[in-house]
Structures are given as C-alpha cells and as structure tokens.
Amino acid sequence: MKRNVTMAEISDGNLYTANDMVKADCRDCEGCSACCRNMGNSLQLDPYDIWQLSTGLGKNFEEMLQSGWIELGVTDGMILPYLKTNQDAGAGDADVDAEPKGACPFLNQEGRCKVHAFRPGICRLFPLGRYYEEDGNGFRYFLQIHECQKTDRTKIKVKKWLGIPELKHYEAYIVSWHHLLKTCEESTGELSEEEQKILQMVMLRTFYQTPYPGKNKEDLERPEQFYEAYEERRQMIREKLGL
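The present account deals with the structure reproduced in this document.

Reading the values: the criteria
- Think of each chain on its own: its residues are numbered from 1, step by step along the sequence as written.
- pLDDT decides what is reported in this predicted model: residues at 70 or higher carry local features, side-chain atom pairs at 80 or more are listed and counted, and totals for whole chains, interfaces and linings draw on all residues regardless.
- Water and hydrogen atoms play no part in the side-chain values, which are based on all heavy atoms of the structure.
- Helix and strand labels come from DSSP, where a helix needs a run of H or I of at least four residues and a strand needs a run of E of at least two; each type is numbered from the N terminus.
- In this treatment the radius of gyration is a C-alpha quantity, and the globule benchmark scales as 2.2 Å times the residue count to the 0.38 power.
- Note on exposure labels: buried denotes an accessible area under 20% of the residue type's maximum, exposed denotes more than 50%, and partly exposed covers the range between, all computed with a 1.4 Å probe on protein chains only.
- Pairs of residues are marked as contacts when any of their non-hydrogen atoms sit within 4.5 Å.
- To be clear on the numbers: accessible area is Shrake-Rupley with a 1.4 Å probe, and residue cover counts the displayed protein chains and nothing else.
- When charges are counted, neither His nor the chain ends are considered; positive counts come from Lys and Arg and negative counts from Asp and Glu.
- Note that the charge is assigned to NZ on lysines, CZ on arginines, CG on aspartates and CD on glutamates.
- Axis lines are fitted to C-alpha atoms, over the contacting stretch for helices. Their N-to-C directions set the angle, which ranges from 0 to 180 degrees.
- Any angle from 65 to 115 degrees is called roughly perpendicular, while one under 35 is roughly parallel, one over 145 is roughly antiparallel, and all others are oblique.
- Helix crossings are classified by the rotation of the near helix relative to the far one: an anticlockwise turn of less than a right angle makes the crossing left-handed, while a clockwise turn makes it right-handed.
- Basically, the charged four are Asp, Glu, Lys and Arg, the nonpolar ten are Ala, Val, Leu, Ile, Met, Phe, Trp, Tyr, Cys and Pro, and anything else, Gly included, counts as polar.

Turning to the overall build of the chain, a few remarks are in order. The helix and strand tally for the chain stands at eight helices and six strands. Listed N to C, the secondary structure of the chain is α-β-α-α-β-β-α-β-β-β-α-α-α-α in terms of helices and strands. Its C-alpha radius of gyration of 18 Å places the chain within 12% of the 18 Å reference for a compact globule of 243 residues. Overall, the C-alpha framework of the chain stretches about 50 × 45 × 35 Å when taken along its three principal axes. Residue burial in the chain is summarised as follows: out of 243 residues, 44% are buried. Here the contacts in the chain between residues at least 6 apart in sequence split such that 66% fall between residues at least 24 apart. Just so you have it, the chain exposes about 12,900 Å², and 47% of that area is on carbon and sulfur atoms. Taking the average place of the 31 positive charges on the side chains of the chain and the average place of its 39 negative ones, the gap between the two points comes to 5 Å.

Right, dumping it as structure tokens:
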C-alpha cells in the first residue's frame, strides 16, 4: 500500500538493517493495546501471514473469512485480505473470546493478543516500517515516530524485535511479494476490465485460497515449507500470466 508522505514527516530520519539497534522496544506492549484498535483497513495480510494464521488457528482461508477475522479489500488493483476490525463487541467465532469493540479480532478483553506466537508481519514490525530501495534490491527499516503511544521505549536490535525465524529468507520473500504485486499493478493498465478481474481472482486463489503445507502449530517452526510452496506458485504465475 502506497503512502503519500515523505520520510521526514513520519520517521526519525534513519534507515535500519536487521542488525541495527532501534528505539522500538515497548516491553511487550505492557499495559497498552492502542496499536490493536481502530486500525481501519491498515492491516493488509500477505501469503505468509495467512499461512501462519491458518496453521496456528487450524482454519483455512474460507473459514477465517466466515469467522469474521479477515475480510477482502481492493488495493492498487489487487483483491487482498485484511484483518477485520470488529465494529461490535463479541463479533467473530464462538471459539475465540469476545473482543473489545473497534479492535483487532484477536485482541482479548485484557488487551492481549490471542495469536501473538503467529501474529502477522505488520504487527511484529510496528512501530517500524519498510522503505523499499529504488534499485529494487531490497528494503530497510525505519522508525515511525507518530504511531506508537508509548513514550518510554528502549533500544532493541531490529531482528530481535521482529522475532521471525529465518529472517533473511523472510526478507527475501517480502521483497519478492512486493515486486510481484507491483508488477501486477503496472500490468493492469494494459488489461481490459474483464482481464483485470481474471488477474485478481487468479492471484487470490493462487496465493491465498489454496492451502499451504502445515497442519498444526509445530509446522510454524518449519517455514521453509511455506517458502518452497510460495516460490513454486510465484514462478507458475509469472509464466502463466507472462509477468
């Protein structure tokens, strides 16, 4: 999702790598859940997020939609899933505790995350953001200075804050997915309305609706099975659609 702002407006002016120290540690959000409320459609989910949630919750994509945990929206010409902010307290599946009104569907009454071990990448990232290099070879992290309400954050190494296994592999995947979406967006200008709909549905079915390997939480410790499946699908889509 594009943001029409400058880095000077939203960051501390620095760019960070995974090995850098950054003032982002809020001690596991102790006593605060502000960033999990009133998010609108800001929590876009990528295929790795869906694999994590599906595997951790034991629900497939359609079941998560039906449970009211995620919803579909259109961004930059692509139909993509988002975490669904609950407008009514207690909305969602009965096997998940009632969540506060206006909050993430996975926030409990005590203001704690019920899927913390397999939470989406954007949740792990906050209050950091990603700045994609113009040469297309990768990205670096930046600190968003107006987003987190905690004023006493301390420094922590970026990779420790993220807590993502096989981080280099994950970062390569993020770049790959970013460029695939960008390529699809650029190609839509050359497609008819019907062709755009076909592209949208093929992407949604290939990367989200079709299950990835993994049936239980133990499989979350083996992300290589996701990356292998994702790369096979990415190659297939590029060849099939001529991207």
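Helix H7 (residues 193–209) packs onto helix H6 (residues 167–188) with a crossing angle of 165° between their chain directions and a minimal axis gap of 10 Å. Compared by their axis directions, H6 and H7 come out roughly antiparallel. Between H6 and H7 the crossing geometry is right-handed. Across the interface between the two elements, Trp177, Leu180, Leu181, Cys184, Ser187 and Thr188 from H6 touch Gln196, Leu199, Met203, Phe207 and Tyr208 from H7. Residue classes in the contact of H6 with H7 are distributed as eight nonpolar, three polar and no charged.

Quick look at the environment of Lys84 now. Assignment of secondary structure puts Lys84 in the loop between strand E3 (78–83) and helix H4 (121–125). Put simply, Lys84 and Met7 are 77 residues apart on the chain and 28 Å apart in space, counted from C-alpha to C-alpha. Non-local contacts of Lys84, meaning those with residues more than four positions away in its chain, are made with Gly68, Trp69, Ile70, Glu71, Ala103 and Pro105.

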